[in-house]
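Secondary and tertiary structure notes
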Amino acid sequence: MAMVWVKMEKDVVHELLRRLNSVSQNVDEIMQQETSPLCAGDIISELKKKFAFLSGGRGQGGSPIIIFPEFPSFGEIGDQEFHNVLTYLTSVPSLSAAGVGFILVIDRRQDRWACVKGTLLRISGHFPGNLRLVLVLRPSTLLQRTLSDVLFKLHRDDFKMKVPVIMLSSVAELHTYIEQSQLTQELGGTQQYCHKTWISHRTDIEAFAVLVKRMAQRLQAFGRELAETDLPNSPLATSNLLNTHCSNRDSMKEEIAGALGQGRKILENIREPVRRDPDSSLNPDQLENLATVHRLLSQLNESSTAFDDFWVQHHNKLEMCLRLRQFEHNFQQVWEELEQATTRVTAFSHVGMSPTHTEHLLRELSSQEEKACELLDRSRTLVVEGEGLVDSCEFADDSVKVKCGELHRAGEKLPQQLKTKKDLLLQAMELHQRLQSVCKWCEDGIYLLASQPLDRCQSQEGAESALQELEGYLETANERQQWDMDAVWREYESVLNEELKEQVKRVFEKRTMLQEMFEKRRVSLKKLAAKQTRPVQPVAPTPEAIKSPPSSPALRSREKSCANTDSEGSSDHNEVCSEQNGGSSRTASVSDEEENLAVLRRHVMNELLETERAYVEELLCVLQGYAAEMENPAMAPLIPTVLQNKKDVLFGNMQEIYHFHKTTFLRELETYTDCPELVGRCFLERMGDLQIYEKYCHNKPRSESLWRQCSDCAFFQECQKKLEHKLGLDSYLLKPVQRITKYQLLLKELIKYSKGREGSVELQAALSSLLGILKAVNDSMHLIAITGYEGNLGDLGRLLMQGSFSVWAEHKRGHVKMMDLARFKPMQRHLFLHEKALLFCKRREESGEGYEKAPSYSFKQELSMSAIGITEHAKGDNKKFEIWSSSRDEVYTVQAASEEIKTIWVREIRKLLTGQLEACREASQQRSTDQLASENNSLDRLIRDGQSSMRNTEMEKKEDESSNDPGSPDGKKAEKAMGTFPSNETKAKRQEIKSDPTPLETGTHPHLGGVRRLSTSSLFQNRRRGWNKGSLSLDASVEQDGYFSAEDHVTSDPEEEREKKPLCWAYFVNCAPK
């Protein structure tokens, strides 16, 4: 195919290049580029001097006229400049006009003979064209005219003119040679001539000619570039190439249109004189300019036509290539999808481990069938397209036919595979249904055994009735009993794998076990029915009685005790409660009860495992059917803007939850299938992992809000349609919340059926831990709804409790109540109890549905737990309690919904305050011990100094006694030396100190006046006296001068002391040191 295209392209390009080369040659011929390569633009400055010009007139025979007007500085013109101008002027007229010969008109009426001579000499030496006639208007002055006549005759041979040179005396003589209509007004003619316009026309025509030639060359290069471009191998690249070539072609056509417009504008400019004056006519030069422009426009149209012919072929080639590439791409895509569909169908080797699983596989296979039907339709459409390409495209090779044949064969193979797989799944479904029927029969039988009351079976009639129930139920199992395992192997050999074989074995083992249980129960009931005994009051024996032999003394004493107890109700029971018969019947009853409980435990465990597997499958379905589709490029157009890049918001950490349950939790639960009572250990081990649900629940309001914004979008509808779900995504997003709450219900059932069994403690611990997680999740959901709190909630410690209450706020000043500040109408407040603070919030219901209807809480008040007290009972209502600040300025009366709620809250707050109290007591004792040790050291040092001073004073007194009279000079000197005695004030202070019951030591030294010494034991004794019965308070303040006072302690509220109500305790802790 490629070789055919290359050959065709070469032929088309060759024709294009030939036609465009012809255009270039024609342009050169029109503009006479071969004979005169000069252009007006090259010598425009020389032309503007106007020392010679073509007037456009014609002489006899159509000879072009070149006029040399009066030009005083003619002698200053260089030879090259003169030659260039004459060469260009002679190249302007057509070849036919130039072949007749030029007529030169030289106007020298105002010059001298020397100028006339110089002009003729230059013309004779440098005129490039044919000359037919030279007409000279000689100087008009008498002297110069005479000299011109004489000197011209003398020097005629010097001019070497091969044509006549005629000296004219006047313009009238000139008119005899050339008509006035062919001469300009300067020469007495009537012809209109503008040298500037003539130069403009010439430059425009020449520029247009250059444009036409350049356009032809560009079209050549563009056509060659298009032809040499390699064809891409992909549809996208081919489409891009086609678009690029079309864009370039459009640009080229725009340039051609612009060039055509430029040529038409030149024509209008040339016709301008006729448009202004319809009676006038164009001179021959102007007519030749019109003809030149028309010829150039013709060549430009030829270039455009040649390129259009080439483009039609090239565009057809690209379109055909695009169709072939698109076919190849579609074939590759359809072929890969067919292979994937075949692989998926082949991968349906498993037939499902349960009816639900098999039904899911059938739905999935049906979905695959629908997709396969759509795929087969596309395949057939593609085959038709390929056959059309083969018929219509001469360049299509045999590969298209081969691909069509492959698609046709694959389209026949896939439906057959689907039908085979569907038959296998239907057969597996039939097997599962039969197994399920057997399992249901077994479960109904187990429940029948468990539901038979033991007291009823103690009588003959009750035993016979229970026996009839058993035999009647066994009659319904004839068909199931005849269905043996060998028949299953033979009938369902094509669908049985190892896992399904194990399942079949378990079902048959279950049936066998049930049959054995029925047989044992039948034997027991037959024995009971055959005995002629009176009904007895059944007594449930203890586990020790079960383990002891019937003849053991322990059992006999237990039976005797039971008989004595029963004799209080009826004396007849003592007669029939013999040791052997009574012991055996009770042992059988206990055994049956344990068996029934085991059956119930297995039933709960089966429910736990089945719902766990279904839960994992549902999570996987959501993640694959919704979350993964959000990253599918094919579904991107259906995703609304508000949903883009919001997968983490919509699904939260569902992927993390699925991975945990799939890889860890489900597998560990399955290990407890045979011992359901021990499954609590699994929950305890994985309790930390189950906290991932808290993150999911925190994100649930955001997820609900996002879902409501785009629940009706086409993306969710399409995903739901593919999954064949009857419910929307929002129902499945609620599954994790429902699952975490389901566990505690199943654990409660297991605890009920596992009392006294090994593992019951772990079950109870697992239930408590799980309820703790649910409470933490619930509390945190309320906590994140608090608005208006400026601090960090994390700094308040762990959230312990939260709930709604009625609150009265009462403000006091001293002991006088400010009635105007009291609130008689209760405020509805939601309280949040943290380890370090108590928050008061106002509950605000939000409008909406689902999680969006959850309330929000406006922050109102915060009380630090280190600065509050509590009164357990408030007057007026047993559901009220008081919370007050340390200064009693604010008292909050809180009313709970019930006494139980109030008791729980008071107990929790009391626990917090008591804990703070113990912490403050320990800190206070430590500080007191350290400070007292320091003070004792200081006091001991002061006392030692005082004792030393006292001894010195006694010695001085003795010296005074042995001295003279105090009135003597010596006595006065001694008195002056000792100083004054202590004052009365000092004595009073000493007396005060002596009267203090606290042990102390005093001296007469002035520095020891008023010093008190406290022992550590007395300090703690006084501190203990500081506690009173109505308050669990602690004041760790320090008195002035660094001494502790035993009298300063915190007392209860004065009003509370006046009331002296019993059981009305107040708890307050102030741990703030001074």
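Counting restarts for each chain, with residues numbered from 1 along the sequence as it is written. Where totals are concerned, whole chains, interfaces and linings use all residues; where local detail is concerned, this predicted model gives features only for residues with pLDDT of at least 70, and gives and counts side-chain atom pairs only at 80 or more. As a rule here, side-chain values come from all non-hydrogen atoms in the structure, and water together with hydrogens is ignored.

**Digging into the packing of helix 9 (residues 195-228) against helix 12 (residues 284-346)**
Across the interface, helix 9 lies against helix 12 with an axial gap of 10 Å and an inter-helix angle of 15 degrees. Considering the angle they form, helix 9 stands roughly parallel to helix 12. The two elements helix 9 and helix 12 meet at a crossing, and its hand is left-handed. Under the scheme applied here, ten amino acids are nonpolar (Ala, Val, Leu, Ile, Met, Phe, Trp, Tyr, Cys and Pro), four are charged (Asp, Glu, Lys and Arg), and all others, including Gly, are polar. In the contact of helix 9 with helix 12, the residues fall into 17 nonpolar, 7 polar and 2 charged. Angles here are taken between N-to-C directions and fall from 0 to 180 degrees, while the axes themselves are lines fitted to C-alpha atoms, restricted in helices to the stretch in contact. Numbering of helices and strands starts at the N terminus; helices are DSSP runs of H or I of at least 4 residues and strands are runs of E of at least 2. Roughly parallel refers to an angle under 35 degrees, roughly antiparallel to one over 145, roughly perpendicular to one between 65 and 115, and oblique to any angle outside these ranges. Crossing handedness is defined as follows: a turn of the near helix away from the far one that is anticlockwise and smaller than a right angle gives a left-handed crossing, while the clockwise case is right-handed.

**Looking at the environment of Ala341**
Locating Ala341 in the fold gives a position in helix 12. Three labels apply to residues, based on accessible area from a 1.4 Å probe with only protein chains included: buried if under 20% of the type maximum, exposed if over 50%, partly exposed otherwise in between. Residue class for Ala341 comes out buried when judged on its relative accessible area of 6%. The spatial distance from the C-alpha of Ala341 to the C-alpha of Leu414 is 7.8 Å, given a sequence separation of 73 residues. Any two residues having at least one pair of non-hydrogen atoms within 4.5 Å are treated as being in contact. If sequence neighbours within four positions are ignored, Ala341 has contacts with Leu375 and Leu414.

**A word on the nonpolar core**
Counting 63 residues, the largest nonpolar core has Leu650, Phe651, Val679, Phe683 and Phe716 as its most contacted members. Tallying contributions element by element places helix 23 (residues 579-627) first for this core, with 12 residues. Beyond its immediate chain neighbours, meaning those up to four positions away, Phe683 contacts Leu608, Phe665, Leu669, Leu690, Tyr743, Leu747 and Ala766. Side-chain atoms within 4.5 Å are what join buried Ala, Val, Leu, Ile, Met, Phe, Trp, Tyr and Cys residues into a set we call a nonpolar core. Counting 57 residues, the second-largest nonpolar core is a separate cluster that includes Leu338, Leu365, Leu407 and Leu448.

**Remarks on the pattern of salt bridges**
The term salt bridge refers to a side-chain nitrogen of Lys or Arg lying within 4 Å of a carboxyl oxygen of Asp or Glu. One pass over the full model with this rule turns up 43 salt bridges. Here Arg378 and Glu337 are joined by a salt bridge, their closest N and O atoms 2.9 Å apart. One end of the pair, Arg378, is in helix 13 (residues 355-392); the other, Glu337, is in helix 12, and 41 residues separate them in sequence. Note on Arg378: relative accessible area 32%, which makes it partly exposed. A salt bridge links Lys911 to Glu908, with the nearest nitrogen and oxygen atoms 3.9 Å apart. Here Lys911 pairs with Glu908, and both are found in helix 32 (residues 899-961), just 3 residues apart, close to one helical turn. Taking the relative accessible area as the measure of exposure, Lys911 reaches 56% and is therefore exposed. With a relative accessible area of 18%, Glu908 lands in the buried category. A cluster of three or more residues bridged by salt bridges with shared partners is formed by Arg249, Asp250, Lys253 and Asp308.

**Overview of the packing of helix 30 (residues 735-752) against helix 31 (residues 760-783)**
Following both chains from N to C, one finds helix 30 and helix 31 inclined at 155 degrees, their axes separated by 10 Å at the closest point. As far as their axial angle goes, helix 31 and helix 30 are roughly antiparallel. In this structure, helix 30 meets helix 31 at a crossing whose hand is left-handed. On the side of helix 30, the interface is formed by Ile740, Thr741, Tyr743, Gln744, Leu747, Lys748, Leu750 and Ile751, while helix 31 contributes Leu763, Gln764, Ala766, Leu767, Leu770, Leu771 and Leu774.

**A closer look at the pairing of strand 13 (residues 880-885)**
In terms of burial, strand 13 is largely enclosed, as 5 of its 6 residues are buried. Relative to strand 14 (residues 890-895), strand 13 runs antiparallel, the two being bridged by 5 bridges. Bridge pairing in strand 14 links Lys880 to Gln895. Two strands form a pair only when DSSP identifies at least two bridges running between them. A loop of 4 residues connects strand 13 with strand 14, the two strands running antiparallel in sequence, and Arg888 in this loop sits at a positive phi of about 60 degrees.

**Thoughts on the sheet that holds strand 5 (residues 165-168)**
The sheet built from 5 strands is open, its strands ordered 1-2-3-4-5 with mixed pairing. Of all strands in the sheet, those bounded by a partner on one side alone are strand 1 (53-58) and strand 5. Here the average twist between neighbouring strands, direction ignored, is 25 degrees. Relative to strand 2 (residues 64-68), strand 1 runs antiparallel, the two sharing 3 bridges. The residue bridging Leu54 from the neighbouring strand is Ile66, located in strand 2.

**Remarks on the confidence of the model for the chain**
Confidence of the predictor at the level of single residues is captured by pLDDT, which takes values from 0 to 100. Mean pLDDT over the chain stands at 75; residues scoring 70 or higher make up 75%. Note on residues 532-585: pLDDT under 50 across the span, and 32 contacts to partners over four residues away in sequence or across chains. Predicted confidence for residues 814-822 stays below pLDDT 50, and this span has 11 contacts to residues more than four positions away or in other chains.

**Quick notes on unusual backbone geometry**
Negative phi values dominate among residues other than glycine, just as trans dominates among peptide bonds. Of note in this structure, Asn645 is not a glycine but carries a positive phi near 60 degrees. Positionally, Asn645 belongs in the loop between helix 23 and helix 24 (647-651). Although it is not a glycine, Glu724 sits at a positive phi angle of roughly 60 degrees. Counting through the fold element by element, Glu724 comes out in the loop between helix 28 (714-723) and helix 29 (729-733). Taking the relative accessible area as the measure of exposure, Glu724 reaches 37% and is therefore partly exposed.

**Here we look at the packing of aromatic side chains**
For Phe, Tyr and Trp, rings pair up if their centres lie within 6.5 Å, where Trp contributes its six-membered ring, and each pair is then called stacked (planes under 30 degrees apart), edge-to-face (over 60) or tilted (otherwise). Across all of its chains, the model carries 24 aromatic pairs by this definition. Between Tyr473 and Phe518 the ring centres are 5.9 Å apart and the planes differ by 15 degrees, which places this aromatic pair in the stacked class. Here Phe518 lies in helix 19 (residues 498-530) and Tyr473 lies in helix 16 (residues 460-475), a separation of 45 residues in the sequence. Comparing Tyr473 with Phe518 shows no difference in burial state: the two are buried. Connected via pairs of aromatic rings, a cluster forms that spans Phe51, Phe68, Phe71, Phe74 and Phe82. Whether a charge sits over a ring depends on NZ of Lys or CZ of Arg being within 6 Å of the ring centre and within 35 degrees of the ring normal. Here Arg122 stacks its cationic end above the ring of Phe82, 5.7 Å away from the centre of that ring. It is Lys880 that lies over the ring of Trp808; its NZ or CZ is 4.3 Å from the centre.

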